[in-house]
Each structure stands twice: as structure tokens, then as C-alpha cells.
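# Structural overview for review
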Amino acid sequence: MNHQEKMIDRQVGRNAELFAHKIGAIPTRAERYGYIRILVAIIEQAHSEWNQTSRKPEQVAHLVNRLSQGQVDTEEVKEIVVLRDEERGYTPNKN
């Protein structure tokens, strides 16, 4: 990744983008799990408005996929977002 490239999401920042790119290079799903959870937490903090929508898993997964330049599967991230929300007692608003 070239540092001169335009950032994908200024709220999340360049370091998170570099982190996502490195996560994408990790070979197995099990090894990526903890790192994706950390990245999801960073994104949730940067985009707290997404906590109010039922499309949050899709939005976060799409952003992680873009940040990692397509190396991290969106379905894998969606599962982690849903799991994090369930652990914290959040239930999606099905409007």
C-alpha cells in the first residue's frame, strides 16, 4: 500500500486502513478473528452513528473489505459484527 494513496475513510484513518490491509494477509480465518474484532471496534468508534441502523453489519463489513483492498471477506466480518453486538446485548432494529 502506498502512503500517497487517498484514504478510504478519513474518520477511521490511515492506521486502520494499513491494519486492515495487514489483516488481509493473514492466511486463516481463525488467526484473523481477533484482529478483525479490534478493527470492528475502531470502526464502531469512528462511525458511532452506524450503531443505530439495522444495516450496521453490512456497512462495517463493506468498509473492512474496502480498507483491506478486498482481502477480507465481507461475510466473515458480518458474522463478527453480529457476534459482538449479541455479546453486548444489542439487538438489531428490524425496521
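Up top you'll find the structure we're talking about.
The structure presented is a predicted model; accordingly, all values stated were derived computationally and were not measured. (Residues numbered from 1 in each chain as written. Predicted model: local features only at pLDDT ≥ 70, side-chain atom pairs only at ≥ 80, totals over all residues. Heavy atoms only, no water.)

Let's shift gears to the pattern of salt bridges. Going through the model one piece at a time under the given rule, you end up with 10 salt bridges. One salt bridge connects Asp85 with Lys56, and the closest N-O pair in it is separated by 2.8 Å. A residue pair is termed long-range when its members are at least 10 positions apart, and Asp85 in helix H4 (residues 74-87) and Lys56 in helix H3 (residues 56-67) qualify at 29 residues. Comparing Asp85 with Lys56 shows no difference in burial state: the two are buried. Taking the shortest distance from any N to any O, the salt bridge between Arg88 and Asp85 comes out at 2.9 Å. (Salt bridge = Lys/Arg side-chain N within 4 Å of Asp/Glu carboxyl O. Helix = DSSP H or I, 4+ residues; strand = E, 2+ residues; numbered from the N terminus. Buried < 20%, exposed > 50% of the residue type's maximum accessible area, 1.4 Å probe, protein only.)

This next bit is on the nonpolar core. Counting residues in hydrophobic clusters, the biggest one holds 19 residues, and the most contacted among them are Ile43, Val60 and Val77. When residues of this core are traced back to their parent elements, those giving at least two are helix H1 (14-24), helix H2 (29-46), H3 and H4. Those residues within four positions of Val77 in sequence are excluded, and the remaining contacts are Ile36, Val40, Val60, Ala61, Val64 and Val72. (Core = buried A, V, L, I, M, F, W, Y, C linked by side-chain atoms within 4.5 Å. Contact = heavy atoms within 4.5 Å.)

Once that is clear, we can look at the packing of aromatic side chains. One pair of aromatic rings is described through two measures. These are the centre distance and the angle between the planes. Under the definition given, this model contains one aromatic pair. Plain terms: the ring middles of Phe19 and Tyr35 are 6.2 Å apart, the flat faces sit at 75° to each other, and that makes the pair edge-to-face. One end of the pair, Phe19, is in helix H1; the other, Tyr35, is in helix H2, and 16 residues separate them in sequence. Judged by its relative accessible area of 40%, Tyr35 is partly exposed. (Phe/Tyr/Trp six-rings, centres within 6.5 Å; stacked < 30°, edge-to-face > 60°.)

Moving on, we get to unusual backbone geometry. One non-glycine residue, Gln69, adopts positive backbone phi at about 55°. Note on placement: Gln69 falls in the loop between H3 and H4.

Taking 1.5 Å of rise per residue, 12 residues should cover 16 Å, and H3 covers 16 Å from first to last C-alpha, within 8% of that figure. Among the structural elements, H1, H2 and H4 are those in contact with the buried residues of H3. (Expected span 1.5 Å × (residues − 1).)

By themselves these figures say nothing about function.
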